[in-house]
Amino acid sequence: MAGGNAIRGSRVGAGPMGEAERGEAAPRVVVSYWCSNGHETRPSFAEEPGLALPEQWDCPRCGFPAGQDKENPPAPPRVEPYKTHLAYVKERRSDEEGAVILDEALSSLRERGLIK
């Protein structure tokens, strides 16, 4: 079959690339951000009146926050370890208070005949 589809290998929207086709690009402002690992991130923003640049930007390499001051980057967030329900209870009660509450609960169960 010598004849065939004339647009074989093309995709929808494919055509000549360039400024004439897409219009003019907006003027850009490139800002450098550094994280505590020394990674530099350079996002660009459209230049417009009243442009407010973000103070921090997430580093795409390590995920830490990055700031515009290379010598003083923001500190990485402090990650708290997962706590169980028991760990939270122990923060609120001392061992002596826990023993009193346990004795009250056991005596209540004994009175109702649920345990001996």
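Conventions and cut-offs
All chains use their own residue numbering, which begins from 1 and follows the written sequence. Totals for whole chains, interfaces and linings use all residues, but because this is a predicted model, local features are given only for residues with pLDDT of at least 70 and pairs of side-chain atoms are given and counted only at 80 or more. Hydrogens and waters are ignored; side-chain quantities use all the structure's heavy atoms. Pairing between two strands is assigned when DSSP locates at least 2 bridges connecting them. A run of DSSP states H or I qualifies as a helix once it reaches four residues; a run of E qualifies as a strand once it reaches two. Both are numbered from the N-terminal end. For this analysis, a salt bridge means a side-chain nitrogen from Lys or Arg found within 4 Å of a carboxyl oxygen belonging to Asp or Glu. The rule is simple: take the accessible area with a 1.4 Å probe, protein chains only, and divide by the maximum for that residue type; under 20% is buried, over 50% is exposed, in between is partly exposed. Each nonpolar core is a collection of buried residues, namely Ala, Val, Leu, Ile, Met, Phe, Trp, Tyr and Cys, held together in the definition by side-chain atoms within 4.5 Å. In what follows, a contact means two residues having at least one pair of non-hydrogen atoms within 4.5 Å. Aromatic pairing here means that ring centres of Phe, Tyr or Trp (its six-membered ring) are within 6.5 Å. Orientation follows from the plane angle: under 30 degrees is stacked, over 60 is edge-to-face, and everything else is tilted. UniProt positions are given in the numbering used here, feature names are shortened, and annotations may be inferred rather than shown by experiment.

A.B. asks: Describe the sheet that holds strand E5 (residues 56-58), naming the residues involved and giving the relevant values.
C.D. replies: Judged by pairing direction, the sheet is antiparallel, and its four strands sit side by side in the order E3-E2-E6-E5 without closing on themselves. At either end of the open sheet lies a strand with only one pairing partner, and these are strand E3 (40-41) and E5. Pairing analysis gives two bridges linking strand E2 (residues 33-35) to strand E6 (residues 65-67), with the strands arranged antiparallel. Counted as the bridge partner of Cys 35 is Ala 66 from E6.

A.B. asks: So what's going on with the pattern of salt bridges? Which residues, and what values?
C.D. replies: Applying the stated criterion to the full structure yields two salt bridges. Its salt-bridge partner being Arg 78, residue Glu 80 comes within 3.2 Å of it at the nearest N-O pair. Exposure remark for Glu 80: the relative accessible area of 48% places this residue in the partly exposed category. Its salt-bridge partner being Lys 83, residue Glu 91 comes within 2.4 Å of it at the nearest N-O pair. For Lys 83, a relative accessible area of 26% puts it in the partly exposed group.

A.B. asks: Quick rundown of the nonpolar core? Include the residues and the values.
C.D. replies: Among the nonpolar cores identified, the biggest contains six residues, and these are Val 31, Tyr 33, Cys 35, Phe 45, Cys 59 and Ala 66. Residues within four places of Cys 35 in sequence aside, it is in contact with Cys 59, Cys 62, Phe 64, Pro 65, Ala 66 and Pro 73.

A.B. asks: If you had to explain the packing of aromatic side chains to someone new, which residues and values would you point to?
C.D. replies: Under the definition given, this model contains two aromatic pairs. For the pair Tyr 33 and Trp 57, a centre-to-centre distance of 6.0 Å together with 25° between the ring planes defines the contact as stacked. Of the two residues, Tyr 33 sits in strand E2 while Trp 57 sits in strand E5, which places them 24 residues apart along the sequence. Measuring from centroid to centroid gives 5.4 Å for Phe 45 and Trp 57, while their planes differ by 90°, and the two rings are edge-to-face. Pair noted here: Phe 45 is in strand E4 (residues 44-46) and Trp 57 is in strand E5, with a separation of 12 residues, a long-range link. In textbook terms, an aromatic cluster arises when at least three aromatic residues are bridged by ring pairs, as seen for Tyr 33, Phe 45 and Trp 57.

A.B. asks: I'd like a description of the UniProt feature "binding site: Zn(2+)" (unreviewed entry) in the protein chain, backed by residues and values.
C.D. replies: Annotation from UniProt places "binding site: Zn(2+)" (unreviewed entry) at Cys 35, His 39, Cys 59 and Cys 62. These residues run over 28 residues, yet every pair of their C-alpha atoms falls within 8.5 Å of each other. Assignment of secondary structure puts Cys 35 in strand E2. Using a relative accessible area of 2% as the deciding quantity, one classes Cys 35 as buried. Mapped onto the elements, His 39 comes out in the loop between E2 and E3.

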